[in-house]
Amino acid sequence: MNIKQQLQHLKNEGKKAFAVLIDPDDISPEKIVELAKRCNAAKVDLVLFGGSLMLSDHMEHCINAFKSVSQIPVILFPGSPAQVCKAADALLFLSLVSGRNAELLIGQQVVAAPVVKASGLEVLATGYILVDGGVPTTVSYMSHSAPVPRNKPDIALCTAWAAELMGQSIIYMDAGSGAQYPISTQMIEKVSRNIDIPLIVGGGIKDVAGVRAAFEAGAQVVVVGNAIEKDLSLIEEMSAVAKAVYA
Ligand code: 1GP
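Parameters and conventions
Residues numbered from 1 in each chain as written. Predicted model: local features only at pLDDT ≥ 70, side-chain atom pairs only at ≥ 80, totals over all residues. Heavy atoms only, no water. Near = heavy atom within 4 Å. Polar contact = N/O pair within 3.5 Å; in protein donor to acceptor, adjacent residues only side chain to side chain. Areas by Shrake-Rupley, 256 points an atom, 1.4 Å probe, with all protein chains shown as cover. Nonpolar A, V, L, I, M, F, W, Y, C, P; charged D, E, K, R; others polar. Axes fitted to C-alpha atoms, helices over the stretch in contact; angles between N-to-C directions. Helix = DSSP H or I, 4+ residues; strand = E, 2+ residues; numbered from the N terminus. Parallel < 35°, antiparallel > 145°, perpendicular 65-115°, else oblique. Left-handed = near helix turned anticlockwise from the far one by under 90°. Contact = heavy atoms within 4.5 Å. Buried < 20%, exposed > 50% of the residue type's maximum accessible area, 1.4 Å probe, protein only. Arc of directions from axis to C-beta. Patch = residues over 30% accessible without salt bridge, like charges linked within 9 Å, V, L, I, M, F, W, Y side chains within 5 Å. Salt bridge = Lys/Arg side-chain N within 4 Å of Asp/Glu carboxyl O. Phe/Tyr/Trp six-rings, centres within 6.5 Å; stacked < 30°, edge-to-face > 60°.

### Some details on the site of the ligand
Point 1. Taken together, 13 residues form the shell around the ligand, and within it D174, S177, G178, G204 and G225 come nearest.
Point 2. Backbone polar atom of G178 to an oxygen atom of the ligand: 2.8 Å apart, as the coordinates give it.
Point 3. About the coverage of the ligand: the protein hides 97% of its 310 Å² of free accessible area.
Point 4. Here the shell around the ligand is composed, by residue class, of four nonpolar, eight polar and one charged.

This is the structure we're talking about:
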């Protein structure tokens, strides 16, 4: 099964996957090896690499360092076409469907297309829905787009439906890295119950209870970045939630 099929399988079978987000700007290649070993021990299902900005130039080095000790699939979560990197296994080919910024709906994708086609990466067509997380985040600022209000699950659902109808394979609902509040369980439930494609949820999840709440509300994949960067010991408990309840 390729990664797209694996994610759809999670949706079809009521199973869950836990993903760690690594921003290469926030970690050295040396630290990556330690993180990868912890991900292995915790049986983390997926690792996402990327960030809204890229101040450093070591994405490939970081992915190779990770892969030198781990077989966990690496998925790019690119903030720009410059982040396409062949060392990964797959790429979230994102369209910011919650925004009305044509550059991020289709413009950057046109720029990235030839590089993506030549990369050999598995491409995961992803409708990306940015949701208000209580504070302006890097992605809301950089994308010039208004996030979906956090108390408007119907807007999130109609946006997800539109993306699904346009042929996207995955919906990623994100409150943005470092959000003050994660996406509400009401919004996750509303979207998850009414779409047929897998739902990834992330942004502002700080503890095990937050991971559990997102899974219980219907996310197939829960992504945590910041909280794990601050405290690596969270990986085991967070990853265990996906296995304990839904394996
Ligand atoms: C951000 O969904 C990810 O795009 C993860 O967010 O860093 O807040 O966990 P955090």
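### Quick word on the packing of helix α6 (residues 153-165) against helix α7 (residues 185-194)
Axes are the key here: two packed helices are described by the angle between their axes and the distance separating the axes.
Point 1. At a closest axis distance of 9 Å, the pairing of α6 and α7 adopts a crossing angle of 30°. Compared by their axis directions, α6 and α7 come out roughly parallel. The interaxial crossing formed by α6 with α7 has right-handed handedness. In this structure, α6 uses P153, D154, A156, L157, A160, W161 and E164 to contact α7, whose residues at the interface are Q186, M187, K190, V191 and N194.

### Comments concerning α7
Point 1. Those residues of α7 lying buried are M187, I188, V191 and S192. Seen end-on, α7 carries its buried residues on one side only, within an arc spanning 115°. Of the exposed residues in α7, the ones pointing more than 90 degrees away from its buried face are Q186 and R193.
Point 2. On its buried side, α7 packs onto α1 (3-13), α6, β6 (170-174), β7 (199-202) and α8 (208-217).

### Observations concerning a nonpolar patch on the surface
Point 1. Nonpolar side chains collect at one region of the surface, where L53, L55, Y141 and M142 lie side by side and expose about 480 Å² of accessible area between them.
Point 2. Along the chain, the position of L53 falls in the loop between β2 (46-49) and α3 (59-67).

### As for the packing of aromatic side chains
Point 1. One pass over the full model with this rule turns up four aromatic pairs.
Point 2. Here the aromatic rings of Y128 and Y172 are separated by 5.4 Å at their centres, their planes lie at 85°, and the arrangement is edge-to-face. In this pair, Y128 is assigned in strand β5 (residues 122-130) and Y172 in strand β6, connecting sequence segments 44 residues apart.
Point 3. When its relative accessible area of 6% is taken as the criterion, Y128 is described as buried.
Point 4. With a relative accessible area of 1%, Y172 lands in the buried category.

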